[in-house]
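# Examination of the molecular architecture
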Amino acid sequence: MAKDMTLWWGSGSPPCWRVLIALEEKNLQGYNQKLLSFEKGEHKSKEVMDVNPRGQLPAFKFGDIVINESYGACFFLESKFKSQGTKLIPDCAGSDNNCALIALIMQRVFEGNTLHQKMADVFMYNRRVPENERHESAFKRLKETLTTELQMWEGHLKKTPGGFLAGENFSMADVIVFPSVALLLRMGLSEDKYPKLAEYYKKLQGRPSVKATWPPTWKETPGQELLKDI
Amino acid sequence: MAKAMTLLWATGSCPCWRVMIALEEKNLQGYNQKLLSFDKMEHKSKEVLDINPRGQIPTFKHGDNVINESYAACFYLESQFKSQGTKLIPDGPAEQALMYQRMFEGLTFYEKLTTVAYYEWYVPEGERHESALKRNKEALVTELKLWESYLQKLGSGSYLAGPSFTLADVVVFPTVGALFGFGLSPERYPKLGEYYSLLKERPSVKASWPPHWLENPKDEDKLKDALKDI
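Residues numbered from 1 in each chain as written. Chains lettered and ligands numbered in written order. Predicted model: local features only at pLDDT ≥ 70, side-chain atom pairs only at ≥ 80, totals over all residues. Heavy atoms only, no water.

If you look chain B up in an unreviewed UniProt entry, it shows as Glutathione S-transferase rho from Maylandia zebra.

The name recorded for chain A in an unreviewed UniProt entry is Glutathione S-transferase rho, from Maylandia zebra.

This next bit is on the overall build of chain B. Helix and strand content of chain B: 10 helices and four strands. Taken from N to C terminus, the helices and strands of chain B fall in the order β-α-β-α-β-β-α-α-α-α-α-α-α-α. Scaling as 2.2 N^0.38, a compact globule of 230 residues should have a C-alpha radius of gyration of about 17 Å, and chain B matches this with 18 Å. Projected onto its principal axes, the C-alpha coordinates of chain B cover approximately 50 × 45 × 25 Å. (Helix = DSSP H or I, 4+ residues; strand = E, 2+ residues; numbered from the N terminus. Rg over C-alpha atoms; globule rule 2.2 N^0.38 Å.)

Let's shift gears to the UniProt feature "domain: GST C-terminal" (unreviewed entry) in chain B. The residues that UniProt annotates with the feature "domain: GST C-terminal" (unreviewed entry) are residues 92-225 of chain B. The annotated region residues 92-225 of chain B carries 69% helix and 0% strand content, and the separation between its end C-alpha atoms amounts to 40 Å. (UniProt positions renumbered as here; feature names shortened; annotations may be inferred.)

This paragraph deals with the packing of aromatic side chains. Under the criterion given, the structure shown has 38 aromatic pairs over all chains. Between Trp17(A) and Phe178(A), the aromatic rings sit 5.6 Å apart at their centres with planes inclined by 75°, giving edge-to-face as the arrangement. Taken together, the residues Trp17(A) in helix α1 (residues 14-25) and Phe178(A) in helix α7 (residues 172-186) connect sequence positions 161 residues apart. Residue classification places Trp17(A) among the buried positions, given a relative accessible area of 1%. Each residue in the set Trp17(B), Tyr118(B), Trp121(B), Tyr122(B), Phe173(B), Phe180(B), Phe182(B), Tyr195(B), Tyr196(B), Trp209(B) and Trp213(B) is aromatic and connected to the rest through ring pairs, giving one cluster. The ring of Phe164(A) carries Lys203(A) above its face, with NZ or CZ at 4.6 Å from the centroid. (Phe/Tyr/Trp six-rings, centres within 6.5 Å; stacked < 30°, edge-to-face > 60°. Buried < 20%, exposed > 50% of the residue type's maximum accessible area, 1.4 Å probe, protein only. Lys NZ or Arg CZ within 6 Å of the ring centre and 35° of its normal.)

Okay, here's the thing in structure tokens:
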């Protein structure tokens, strides 16, 4: 199974990390993988473009199946390997509690996309916006938007005593969102201003799938301070 | 079932349309619904904020379960009502994987549409640049050509993931509907044109067709040809 899979990925990229965590959680260790460098432009190499014409990572192949969307790969892995490893999305049938749980998991999974976008809007501002189009007012607004978003997630975590995003158990919501939270802390987010996010980060750091897939480049270099004033 | 559901929505909103198509496909007609006005800022009303602190629509409730993310609501409905209405997630791995791939590419597709069609809503006057809008249009063209190629590969009469209508069509068709609503040329994009013609006859799509693309007739008039030259 795992031997028929190949993942092309970059260190520290939340979309890539989501798939790495999902593979571990579903007991699919042993997949083929290729670590590439964004800095060196390897995501635009022929090798990646052959699998993903968008020239983006992650790129994921399983036999003839290709899924280059991190959410898509995670959902597919859960569906195809439902009965092995951690159950990331419960079955709805027969239980109102499960249906409520699915609703919450799905809600957080997709809010995770908003979180990631708002983070990227801030870190990638100078890369995405040509110099003559940049405005202090725009950058300021993007930072304020990120702050509001982070406060919302603090609120979400205050409401789930179990410590995971959807309650007492690790779920697809954590697979999708934890990598973004880790990146926030790596980029200098203040643990004092965001104590619940910091607590969540520390709790998940100890999870085997997270430890096994911790970004290699993060072990080698210190983090940044870009978000310390958010 | 449907009587325990409420959808707060606005006309011309692709995310709302996705949920409405899903409700129709799962035979859940008869749900409670309330049409809100963006222009009157009703999405920021207490009624919405009580259920969705983000002040966004769609806002969907099923009993005590609240889901304010369109994709999440669609997945929830398919999971909760798997055995009724249209089967929206195919079992075959290849078709399922393609469905997931296209669904999540659909988020990118929608985003590229909004950066062009809603440019003036998203960007304050002092921060707008011709060069930025031009770049957004070029990105949308690249995206459109990609979807043309996807449909080309599958052949006439096909849905996005193959021979059957799936969740990929539920979440992506609204974007295609909006593109043609804003004047996209079916001569330049014949495969998308064919797909549009096929889906617009589908009962769930007809039943939920947006009354207007934009609430204010002046805005709608202004935008109806916005995409005709791209």
